[in-house]
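Residues per chain are reported as follows:
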Amino acid sequence: MATTRARTSKARTAETLDDSLRQGYTLPAEWYTDAARFRDERARIFRHTWQFVGYSDQLPEGGSYMSARVGDTPLVITRDQAGALHAFVNVCRHRGSELVAQGQPECGQSKTLQCAYHAWTYNLDGTLRAAPGAKDEPDFDLRDYSLFAVPVDTWGPLIFINLDPHAAPLAETLGALPELARAAGAPLATMRRRASHTYDIGANWKVVVDNYLECYHCPVAHKGFTSLIDTSEYTVQEYDWFSVQVGAMKSSAQVEANPNLYAARGEIASGFYAWLWPNFTLNVYPGHGNVSINHFIPATVDHTLVIKDYLFMDTVEADEEADFIRFIEQVQVEDVALCESVQRGLATGYFDQGRLMLCQESALRHFQRLVYEAIHAGE
Ligand code: FES
Ligand SMILES: [Fe+2]
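Cut-offs used in this document
Residues numbered from 1 in each chain as written. Chains lettered and ligands numbered in written order. Predicted model: local features only at pLDDT ≥ 70, side-chain atom pairs only at ≥ 80, totals over all residues. Heavy atoms only, no water. Axes fitted to C-alpha atoms, helices over the stretch in contact; angles between N-to-C directions. Helix = DSSP H or I, 4+ residues; strand = E, 2+ residues; numbered from the N terminus. Parallel < 35°, antiparallel > 145°, perpendicular 65-115°, else oblique. Left-handed = near helix turned anticlockwise from the far one by under 90°. Contact = heavy atoms within 4.5 Å. Donors = N, O, S within 2.8 Å, 3.2 Å for Na, K, Ca; no water. Tetrahedral: all angles 85-135°; square planar, octahedral: opposite > 155°, others 65-115°. Expected span 1.5 Å × (residues − 1). Bend = angle between axes of the 7 residues up to and from the residue. Buried < 20%, exposed > 50% of the residue type's maximum accessible area, 1.4 Å probe, protein only. Arc of directions from axis to C-beta. Polar contact = N/O pair within 3.5 Å; in protein donor to acceptor, adjacent residues only side chain to side chain. Disulfide = S-S within 2.5 Å.

> Just checking my understanding: could you explain the packing of helix α7 (residues 205-212) against helix α11 (residues 318-346) for this structure?
Geometry of a packed helix pair, given as the angle between the helix axes and the separation of the axes. α11 packs onto α7 with a crossing angle of 130° between their chain directions and a minimal axis gap of 10 Å. Put simply, α7 runs oblique to α11. By crossing handedness, the relation of α7 to α11 is classed as right-handed. Residue-level inspection shows Val207, Val208 and Asn211 of α7 in contact with α11, the latter providing Asp335, Leu338, Cys339, Val342, Gln343 and Leu346.

Put into structure tokens, the structure is as follows:
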């Protein structure tokens, strides 16, 4: 019965799913609830896109390493003695043990990486340096057993990897985004991460991205946010691989009328909210010297981890920082409830495709079409 209702929705009169997405209908609910789809997305999206893994200050000098994970793939990122960054699958070439083992510190300093199983030892550029007993094996050549490397690249202090060995450089995905972020007040090179909070949301990762990509819900669901940002003059702009939302700060008279508000004082007069395909965002709020980064990590088909990092310039005082974080956390808590409600609704079986309000939700269409195209690439 539920299926019949869903299939009679107007969206299904479109010739193909692609057509219906273009017209402003959403991805079908099943794309948010089906475990097989989720596995497909991991293979076709997350193994072929630039994934944020950390900050360059986690690898401060030659001899630094850190572990990371993208989907099911464990990684180790290193900075070699010459200062170059490398990323490797965190798997020993001998018999497959994890190299930086679970339980070891996630970041550290070492001249080499040594496997805890039989002590094969690797240089930080991934080459195998020594393997006990190697000299007794006549046809064994250390050069044949370097760690499996994956592309690594940076945007300022932000480190990204790509599990696709043939990935185009990160700069091609970023396009104009670094310049737009700098102009919006995010001099990333001079900012430091001071806080990080993780949220476990009971919703598919696309529900979380969808929620990020529009402010149609802001006046309804984020009273604090809309006390600061004028959502009546909000703009949304889509680019090839990212989209940007900009909203000016309300006049100071309106801001000061709200006593619960983060006191945004400084040279930055607009909020700047950038989403980068597929699961990364960078935000600049009005005021001074703040950047917040959201990293949406798909855990299961209906669970997503949101890691929220707060970066500030040194000129931001501790009380400003605390006010700012409290303000953002309120918005986040409100969004968690909204996303979990959507996930429950999508799972009822009564809902197939929703209808976007394109004047305010066009960035969802852009995102959902990228998802569709990634899944159907090559067909
Ligand atoms: S599995 Fe790593 S040394 Fe044997
Ligand atoms: Fe929201």
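Moving on from the model shown.
> Help me understand the coordination of the iron ion (ligand 2), please; the structure alone is not making it clear to me.
In a perfect tetrahedron of four donors around a metal, the angles come out at 109.5 degrees. In a perfect octahedron of six, they are 90 or 180 degrees. Note on the iron ion (ligand 2): its protein donors are His217 (NE2), His222 (NE2), Asp335 (OD) and Asp335 (OD). The metal-donor distances range over 2.0 to 2.6 Å. Of note is the iron ion (ligand 2), whose four donor atoms meet at the metal with angles of 56 to 157° in an arrangement that counts as irregular.

> What is the right way to look at helix α12 (residues 358-376) in this model?
A turn of α-helix holds 3.6 residues, and therefore any two residues three or four places apart point the same way. Taking 1.5 Å per residue, 19 residues should reach 27 Å; α12 reaches only 24 Å between its end C-alpha atoms and comes up short. Leu364 marks the point of greatest bend in α12, at about 30°. Note on α12: the residue one or two positions beyond its end, Gly378, has a positive phi of about 85°.

> What is the right way to read the side chain of Gln332 from this model?
You can see Gln332 is positioned in helix α11. A residue is classified by how much of its surface remains accessible, and Gln332, at 8% relative accessible area, is buried. The contacts of Gln332, once residues within four sequence positions are left out, are Tyr199, Ile201, Val306 and Lys308.

> Explain helix α4 (residues 35-46) here, please?
Among the residues of α4, Phe38, Glu41, Ile45 and Phe46 are the ones counted as buried. The buried residues of α4 occupy an angular sector of 70° when projected down its axis, which confines them to one face. Tucked inside the fold, the buried residues of α4 contact α3 (30-33), β1 (51-55), β2 (64-70), α7, β17 (290-300) and α12. Of the residues flanking the start of α4, the one acting as N-cap is Asp34, its side-chain oxygen 3.3 Å from the backbone nitrogen of Ala36.

> So what exactly am I meant to see when it comes to the state of the cysteines here?
Working definition of a disulfide: a covalent bond connecting the sulfur atoms of two cysteines. Within this structure, the stated rule accounts for one disulfide. Linked covalently through their sulfurs, Cys215 and Cys218 form a disulfide whose S-S length is 1.9 Å. Across the S-S bond of Cys215 and Cys218 the torsion is about -105°, and the bridge reads as left-handed. Overall, Cys215 belongs to the buried group, its relative accessible area being 6%. Looking at Cys107, it has no disulfide partner, and the nearest cysteine sulfur is the one in Cys115, 20 Å off. Taking the relative accessible area as the measure of exposure, Cys115 reaches 4% and is therefore buried.

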